[in-house]
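Understanding the architecture of this molecule
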Amino acid sequence: MSTRSERETLIAARRAIVILAASALFAIMLTGSGQVQAKRPYEKDKLLRVVQLNALPTSEVIQAIEQRGVDFQVTSDVESQFRQAGARPEVIDTMRANYRSATSSPPPSTPSAPSAPRPPTGVPAGAPLSKPEIITLLQSGVPSARVEQFVEARGVSFSITPQIAREIRDAGGNNALIGAITAKASEAPVSSTGSNPRPPVPAGPDYDDLTDRAVAFMQANNSYGAISLLQQAVKLDPSKPLAYGLLGFAQLYGSRDNVAAERSLRAAIERGGGAPFRVYHDHDGFFNTFCQGSLFVARANVTFKGDDGKHAFGANRADIKEAKLNGFMGAQYNAFHLKVAVGSGKPENFNFAPATRQKPESNLIISLIDSYR
């Protein structure tokens, strides 16, 4: 009888473990869902920079807007700004359909249950910040005002001393940040052992913060700063194509590292994104008239978008019959062509020249097109 009793006890224990594991998984899923919903909408200026840079395929820009939303309404003036920046009509339509208010009205409070103060917009919940975390944020380029928002929302796990204040200033912090740390340190509860409890939860900019700032750096011709931020982004979430595509773009045209660029661009393609290249598109067969824009090589297709947003081109992989360097026309620019099947007629020829006018860039574009055909 004792053996049967022990067996039943063991079975019951296993069931309890399964139930606990399922509950934990459900909690993780709920947390993940909350994080998706808590994504900060695009601010107008940040999204304008994305459009102006023209380093992401239109499909990726649309997907990012659908995931994040925008915190502004598309008025006629806003639409005009985005059209002048080169936005395609489908991007503007997506912006209009994904307006999300930056703030939402809190539920009405009752005398017995007053509502808790809300953290600053865009700051995820987390443990109090340590001194090393604050210094790391500042040294990685996060503005002092943004770090101050994290301090206001989470508090700190240390007290300010003259030495610590100097370290924070040396890292890029200002007096307002130090004042916020001092105020939060005085509010922090102290445990019976005399120290502030702090779970080891890291704090810092998220994927969207890093890619937004990288785009701004690239527009300011700070390619090395952008590369550093994008390398952090791909470590945070190596499953997304967006940061890989931007990283390859910065490596190719900023640091001129073709080997690293190819590695990043292939990673973007393999994750469902597009590899961006700056090109000239020939209009008359001799490059006497042309437009400038970006060519995007993806697994399913190759697309082109002019910087003015008016000229666009797209071909499915199955319709691309040839991708090859030109032997004569535009050879001085290391031009290349795509032969694309159009219905049942003769394939149509599209000529492009790389923005660098260098053969290695043309060869890289052709190699990526051929790799996924």
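Look above for the structure.
Bear in mind that the values here come from a model prediction, so they are computed numbers and not experimental data.

**Looking at the overall build of the protein**
Looking only at helices and strands, the protein features 14 helices and seven strands. For the protein, the residues scored as buried account for 42% of the 373 residues in total. Pairs at least 24 residues apart make up 61% of the contacts formed inside the protein by residues separated by at least 6 positions. Per element, the accessible surface of the protein, about 20000 Å² overall, is 54% carbon and sulfur.

**Some words on the packing of helix H13 (residues 258-270) against helix H14 (residues 359-371)**
One can describe the packing of H13 onto H14 by two numbers: an axis separation of 12 Å at closest approach and a directional angle of 25 degrees. As judged from the angle between their axes, H13 and H14 are roughly parallel. When you trace H13 past H14, the crossing you get is right-handed. From H13, Asn 258, Glu 262, Leu 265, Arg 266 and Ile 269 reach across to H14, where they touch Pro 360, Leu 364, Ser 367, Leu 368 and Ser 371. For the contact of H13 with H14, the class distribution of residues is five nonpolar, three polar and two charged.

**Description of empty space enclosed by the protein**
On inspection of all chains with the given rule, the structure shows two cavities of 30 Å³ or more. Each pocket or cavity is described by its volume, and for the largest cavity that value is around 80 Å³. Those elements that provide at least two residues to the lining of the largest cavity are helix H2 (44-53) and helix H3 (58-68). Class assignment for the residues of the lining of the largest cavity results in seven nonpolar, three polar and two charged. Here the second largest cavity is characterised by a volume of approximately 40 Å³. Secondary structure elements with two or more residues in the lining of the second largest cavity: helix H10 (207-219) and helix H12 (242-253). For the lining of the second largest cavity, the leading source of residues is H10, giving three residues.

**Points about unusual backbone geometry**
The backbone of Phe 287 shows a phi angle near 60 degrees, a positive value even though the residue is not glycine. Structurally, the position occupied by Phe 287 is in the loop between strand E1 (274-282) and strand E2 (290-298). Judged by its relative accessible area of 7%, Phe 287 falls in the buried class. A positive phi is found at Asn 334, a non-glycine position, where the angle reads about 55 degrees. Along the chain, Asn 334 turns up in the loop between strand E5 (320-325) and strand E6 (336-340).

**Comments concerning the environment of Asn 301**
By secondary structure assignment, the location of Asn 301 is in strand E3 (residues 301-306). Each C-alpha atom of the pair Asn 301 and Ala 318 lies 8.4 Å from the other, and the pair is 17 residues apart in sequence. Excluding its chain neighbours within four sequence positions, the residues that come into contact with Asn 301 are Phe 296, Ala 315, Asn 316 and Arg 317.

**Brief notes about the nonpolar core**
Side chains of a nonpolar character, in soluble globular proteins, are inclined to be buried together. Counting 70 residues, the largest nonpolar core has Leu 47, Phe 82, Met 95, Phe 277 and Phe 352 as the members making the most contacts within it. When residues in this core are grouped by element, the largest group, nine residues, is from H12. The contacts of Phe 82, once residues within four sequence positions are left out, are Lys 44, Leu 47, Leu 48, Val 51, Phe 72, Ala 87, Ile 92 and Met 95. Listed in part, the 20 residues of the second largest apolar core include Leu 138, Phe 150, Ala 171 and Leu 177.

**Looking at the packing of aromatic side chains**
Overall, the coordinates contain eight aromatic pairs when judged by the stated rule. Taken together, a centroid distance of 5.8 Å and an interplanar angle of 10 degrees make the contact between Phe 72 and Phe 82 stacked. You can see Phe 72 sitting in the loop between H3 and helix H4 (76-85) and its partner Phe 82 sitting in helix H4, a full ten residues away along the chain. We note that Phe 72, like Phe 82, is buried. By way of ring pairs, the aromatic residues Phe 304, Phe 313, Phe 336, Phe 350 and Phe 352 are connected into one cluster.

Scoring rules and cut-offs
Residues numbered from 1 in each chain as written. Predicted model: local features only at pLDDT ≥ 70, side-chain atom pairs only at ≥ 80, totals over all residues. Heavy atoms only, no water. Helix = DSSP H or I, 4+ residues; strand = E, 2+ residues; numbered from the N terminus. Buried < 20%, exposed > 50% of the residue type's maximum accessible area, 1.4 Å probe, protein only. Contact = heavy atoms within 4.5 Å. Areas by Shrake-Rupley, 256 points an atom, 1.4 Å probe, with all protein chains shown as cover. Axes fitted to C-alpha atoms, helices over the stretch in contact; angles between N-to-C directions. Parallel < 35°, antiparallel > 145°, perpendicular 65-115°, else oblique. Left-handed = near helix turned anticlockwise from the far one by under 90°. Nonpolar A, V, L, I, M, F, W, Y, C, P; charged D, E, K, R; others polar. 1 Å grid on protein atoms, 1.4 Å probe; cavity = no way out; pocket = protein on both sides within 12 Å on 5 of 7 lines; lining within 4 Å. Points joined across faces, edges and corners; volume = space filled by probe spheres on them. Core = buried A, V, L, I, M, F, W, Y, C linked by side-chain atoms within 4.5 Å. Phe/Tyr/Trp six-rings, centres within 6.5 Å; stacked < 30°, edge-to-face > 60°.

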